[in-house]
Amino acid sequence: MNMNELEAKSIPQVPVVIAGQTNRRPSVQIRPSRGMFHLDLRSVWQYRELLVFLVWRDTKVRYKQAVIGAGWAVFQPLISMLLFTAIFSYLAKLPSDGVPYPLFAYAGLLPWNFIAQATSRSGTSLVGESHLISKVYFPRLIIPLAAASAPAVDLLCALVMMIPLMLWFGMTPGWQILLFPIFVIIALLAALAVSLWFSALHVKFRDVGHIIPFFVQFWMFASPVVYPVSLIPEKWRALYSLNPVVGVVEGFRWTLLGQRAPSVETILPSICIVLLLFVSGVVYFKRVERTFADVI
Amino acid sequence: MSDIAISVRNVSKEYVIAAVSHDTLRDRIVHACRSLLGRNATGNVAPHAFHALNDVSFDVTEGEVLGIIGHNGAGKSTLLKILSRITEPSAGEVDLYGRVTSLLEVGTGFHAELTGRENVYLNAAMLGMRKVDIDRRFDEIVEFSGTQQFIDTPVKRYSSGMYVRLAFSVAAHLDPEILIVDEVLSVGDGAFQKKCLGKMDEVRRDGRTVILVSHDLPVVASLCQRAILLRQGNVVGDGRPQQIIEQYMSEAFSSNETSLADRTDRYTKGELMVQAITFLDEKLNAVQPAISGQHLVIRVYYHCHVRTVFKDMRVMIVVNRDERAACILSTDLVDRKPLDLAGSGYVDFHVPHLPLCGGRYFLHAAIENNVVTQDWVQYAAELQVLDGDYYGTGRIYPHDGWRGKGMFVDHSWRMERTS
């Protein structure tokens, strides 16, 4: 037997490649993207399971190897509540609109902690997941979306603690509790709106990573977390209400504690600002998304 | 005829290389202020574009296995990133027909704190698998990886081998119609690699379309039906793998290529490097081609970039033919005395009767000890060999069909009649 004959049999035949036209539609089309409004939110929906997995991963990793695990989600606001009550109510004698100050503070801390967590984690999320961005494709929006949604799990845990607190102070929520989810959604949108801008800018400008902690600190004092809105002079209210957290915190206190309903002048600017920031954030994000892998 | 699975048309990618390396807000603000003041930002060179890919076009038909080869920086990774939608092309169009999975790395998104089970779900979801499909294939994935016992242990406690096996196993069970792979075959131990190659072969036999980018030319030669050669962002060769690999090799050794000392496609510590390889006869005159049966000296020049004596090293040459190792020469194989290297110099390997038959051989070179590899260059030199009368009998090989096959081995024979 000749070696050449042996090999001739084992060499795979090369198929003839003909650049023919197919009638099928391509399942993926890759083109240089143009225009502002190429949002493609459908692909985000396709990857919704990944979003859930990422939220679950963040939550799981956060409380792994911690003795009281998810208990921290309850303890943190509880400890803040005690601290705030001691300083702002007992020492500084801040009013709390007729509600017991601990409850007042806790109801404000619920949305605030959520927004603060979501903003700081989501704002740096893209850079934190840079190894994913350079190695695998999925809609990039998923990353800040997941990072901003993960603290919602903490919010739920902390919310449970609200029940014994309210029983202790003998308060029952009214019909407004039905509107509570709306304010949760506004809180989520507010956090997302800010994080989309931050995370996209952070890819290019690492300065953002240093700005976020200050920003969050400043934001807390610009929001009615430890003090009531009534403390703000009437003439500044309109400007003050441009801060979306004002509407959210007021909404939480109203739906949970039955405090007087927030005025339309407080809620409406908040919602408008949130929507404006959110839509512009998504558009900006999608615009710079294409270069993430190149500059990260 | 088969349909087209991937169509790449006139794809280009350019990167703007910013003159200022760190694009920070401060730079922007400073720049903006200077422009406002009407002063030109000094010290800034105009940014220039770098073309990673230039008008690349090709089609891949369904069920075809295409290999992409080229030197580092030829644009392979950029092309792969565009096909995987990680980055966008600057111009051109790509159409993909079918479910695509691309593997630029195994175990993307694995989280050390999570268990093997959790990571399988996370990783598979990232690669585009739906939860129902993961549920269905989970047992298969775990079994293939051989990590059943540890599946509920955090992967941070895994050995690196286990980690890679589990990660590859997820990738191997994705079931795409189009698979885009980047060098992921070079993972795991020998046995697992064999398993992976088997899986790749299975994928090929199932009629899936595969694009494979690899430096591992034997793998390209054995798995692919077609290969594309990239050079500086251009397609310079497209055809049968054997032919394209030949082209790649001859380019690597053409005179205008960078010299061995300057080559960067090597695994090196940068301290002690192979500078050059030359071929000499017994009188130490340069020879090329060498002749079978004659005395050949392979001279390996080394250079130390640091002022250290590298103790107890070995210099090794792997002689390859048709993408397979034909033989290995190593200083520590034939001699027990320690080899200490310092400054620069050369090591001569004397082969008294060259046992290689006619053809082209490529040499890999390494300088290492048992602990660390100082330098490892593949395709460091090309050796041309002409058929010669090795045995001194006037006959070169038994039959023309044996030309260029096998090696010469010194042997003798004796006949004895037993009945």
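Every value quoted in this text rests on a predicted model; they were computed, and no experiment measured them. (Residues numbered from 1 in each chain as written. Chains lettered and ligands numbered in written order. Predicted model: local features only at pLDDT ≥ 70, side-chain atom pairs only at ≥ 80, totals over all residues.)

Novice: Would you explain the overall build of chain B in this entry?
Specialist: When you go through chain B residue by residue, the secondary structure sums to 9 helices and 19 strands. Looking at the 419 residues of chain B, the share that counts as buried comes to 37%. Considering only residue pairs separated by 6 or more positions, chain B has 72% of its internal contacts joining residues 24 or more positions apart. (Helix = DSSP H or I, 4+ residues; strand = E, 2+ residues; numbered from the N terminus. Buried ≥ 20, exposed ≤ 12 C-beta atoms within 10 Å, placed from the backbone. Contact = placed C-beta atoms within 7 Å.)

Novice: In this structure, what is going on with the confidence of the model for chain A? I would like to understand it.
Specialist: Low-pLDDT stretches of the model should not have their predicted coordinates read in fine detail. For chain A, the average pLDDT comes to 83, and 90% of its residues sit at 70 or higher. Across residues 1-22 of chain A the pLDDT falls below 50, and counting only partners more than four positions away or on other chains, this stretch makes 24 contacts in the model. (pLDDT = per-residue confidence, 0-100.)

Novice: It is not clear to me how the nonpolar core should be interpreted in this structure. Could you clarify?
Specialist: Nonpolar side chains tend toward joint burial in soluble globular proteins. Judged by nonpolar contacts, the single largest core of 147 residues is most densely connected at Ile142(A), Ala187(A), Ala190(A) and Ala191(A). Counting residues per element, this core draws most heavily on helix α9 (residues 180-204) of chain A, at 15 residues. Not counting the four nearest positions on each side in its chain, Ala187(A) is found in contact with Pro111(A), Phe114(A), Ile115(A) and Val248(A). Within the second largest apolar cluster, 30 residues are counted, among which are Leu272(B), Leu341(B), Val377(B) and Val385(B). (Core = buried A, V, L, I, M, F, W, Y, C linked by C-beta atoms within 7 Å.)

Novice: Honestly, the domain arrangement of chain B in this entry has me stumped. Any pointers?
Specialist: Where the parts come together, the accessible area they lose is often given as the size of the interface. All names here are of chain B. Structurally, chain B comprises domain 1 (54-250) and domain 2 (266-397). The C-alpha centroid of domain 2 is placed 34 Å from the C-alpha centroid of domain 1. The partner domain 2 presents 4 residues to the 5 residues of domain 1 that form the contact. If you list the elements that add at least two residues to the side of domain 1 that touches domain 2, you get α7 (217-223) and α8 (241-253). Broken down by element, the residue count for the side of domain 1 that touches domain 2 peaks at 3 residues, all from α7. Residues belonging to the side of domain 1 that touches domain 2 are distributed by class as follows: 5 nonpolar, no polar and no charged. (Domains from an automatic or database assignment. Nonpolar A, V, L, I, M, F, W, Y, C, P; charged D, E, K, R; others polar.)

Novice: Help me out: how do you make sense of the packing of helix α5 (residues 101-123) of chain A against α9(A) in this one?
Specialist: For any two helices packed against each other, the geometry comes down to the angle between their axes and how far apart the axes lie. Residue and element names in this part refer to chain A. α9 packs onto α5 with a crossing angle of 20° between their chain directions and a minimal axis gap of 8 Å. Taken together, the axis directions place α5 and α9 in an arrangement best described as roughly parallel. Two packed elements cross with a definite hand, and for α5 against α9 that hand is right-handed. The segment α5 lies against α9, with Pro 111, Phe 114, Ile 115, Ala 118, Thr 119, Ser 122 and Gly 123 engaging Ala 187, Ala 190, Ala 191, Val 194, Ser 195, Phe 198, Ser 199 and His 202. (Axes fitted to C-alpha atoms, helices over the stretch in contact; angles between N-to-C directions. Parallel < 35°, antiparallel > 145°, perpendicular 65-115°, else oblique. Left-handed = near helix turned anticlockwise from the far one by under 90°.)

Novice: Help me understand the sheet that holds strand β6 (residues 178-182) of chain B, please; the structure alone is not making it clear to me.
Specialist: Residue and element names in this part refer to chain B. With mixed pairing, 6 strands are arranged side by side in an open sheet as β5-β6-β7-β3-β8-β9. One side of each edge strand has no neighbouring strand; the edge strands of this open sheet are β5 (100-103) and β9 (234-239). Direction aside, neighbouring strands of the sheet carry axes that sit 15° apart on average. Across 5 bridges, the pairing between strand β8 (residues 226-231) and β9 is antiparallel. Across the sheet, residue Leu 229 finds its bridge partner in β9, namely Gly 237. (Pairing = 2+ DSSP bridges.)

Novice: Is there a simple way to explain the interface of chain A and chain B in this structure?
Specialist: In this assembly, 40 residues from chain A lie in contact with 50 residues from chain B. Broken down by secondary-structure element, the contributors of at least two residues to the side of chain A that touches chain B are α1 (3-10), β1 (28-30), α3 (48-63) and α14 (292-295) of chain A. In terms of residue count, α3(A) provides more of the side of chain A that touches chain B than any other element does, 6 residues in total. When grouped by side-chain class, the residues that make up the side of chain A that touches chain B number 20 nonpolar, 8 polar and 12 charged. Two elements, β1(A) and strand β4 (residues 91-96) of chain B, share 3 bridges in a ladder whose sense is antiparallel.

Novice: I would appreciate a short explanation of helix α2 (residues 76-83) of chain B in the present structure.
Specialist: Residues three or four positions apart in an α-helix share a direction because the helix packs 3.6 residues into each turn. Residues and elements named next belong to chain B. Counting buried positions over the 8 residues of α2 gives 7, a clear majority of the element. For α2, the complete set of buried residues consists of Lys 76, Thr 78, Leu 79, Leu 80, Lys 81, Ile 82 and Leu 83. Downstream of α2 by one or two residues, Arg 85 has phi in the positive range, about 65°.

Novice: Just to check I follow, could you spell out the environment of Gln374(B) for this structure?
Specialist: Residue and element names in this part refer to chain B. By the element assignment, Gln 374 lies in strand β19 (residues 373-386). Looking at Gln 374, the number of C-beta atoms within 10 Å reads 22, which means it is buried. In sequence terms Gln 374 and Trp 402 are 28 residues apart; their C-alpha atoms lie 39 Å from each other. Ignoring sequence-local partners within four residues, the contact set of Gln 374 consists of Thr 268, Lys 269, Glu 271, Leu 272, Phe 310, Ile 367 and Glu 368.

Novice: What's the story with unusual backbone geometry in this structure? I'm lost.
Specialist: Comment: phi is negative for the bulk of residues other than glycine, and the bulk of peptide bonds are trans. Residues and elements named next belong to chain B. For Leu 284, which is not a glycine, the phi torsion comes out positive at approximately 65°. Along the chain, the position of Leu 284 falls in the loop between β11 (272-280) and β12 (290-291). The backbone phi angle of Asp 312 is positive, close to 55°, even though this residue is not glycine. With respect to the helices, strands and loops of the structure, Asp 312 is situated in strand β14 (residues 310-321).

Novice: Which parts of the structure should I look at to understand the sheet that holds strand β17 (residues 344-351) of chain B?
Specialist: What links the strands of a sheet is backbone hydrogen bonding, and the strands pair in either a parallel or an antiparallel sense. Residue and element names in this part refer to chain B. An order of β11-β13-β17 is seen for the 3 strands of this open sheet, with the pairing classed as antiparallel. In the strand order of this sheet, the two ends are held by β11 and β17, each with one partner. Within the sheet, the average angular offset between the axes of one strand and its neighbour, ignoring direction, is 20°. Where β11 and strand β13 (residues 296-304) come together, 8 bridges link them in antiparallel fashion. Within the sheet, the bridge partner assigned to Val 274 lies in β13 and is Tyr 302.

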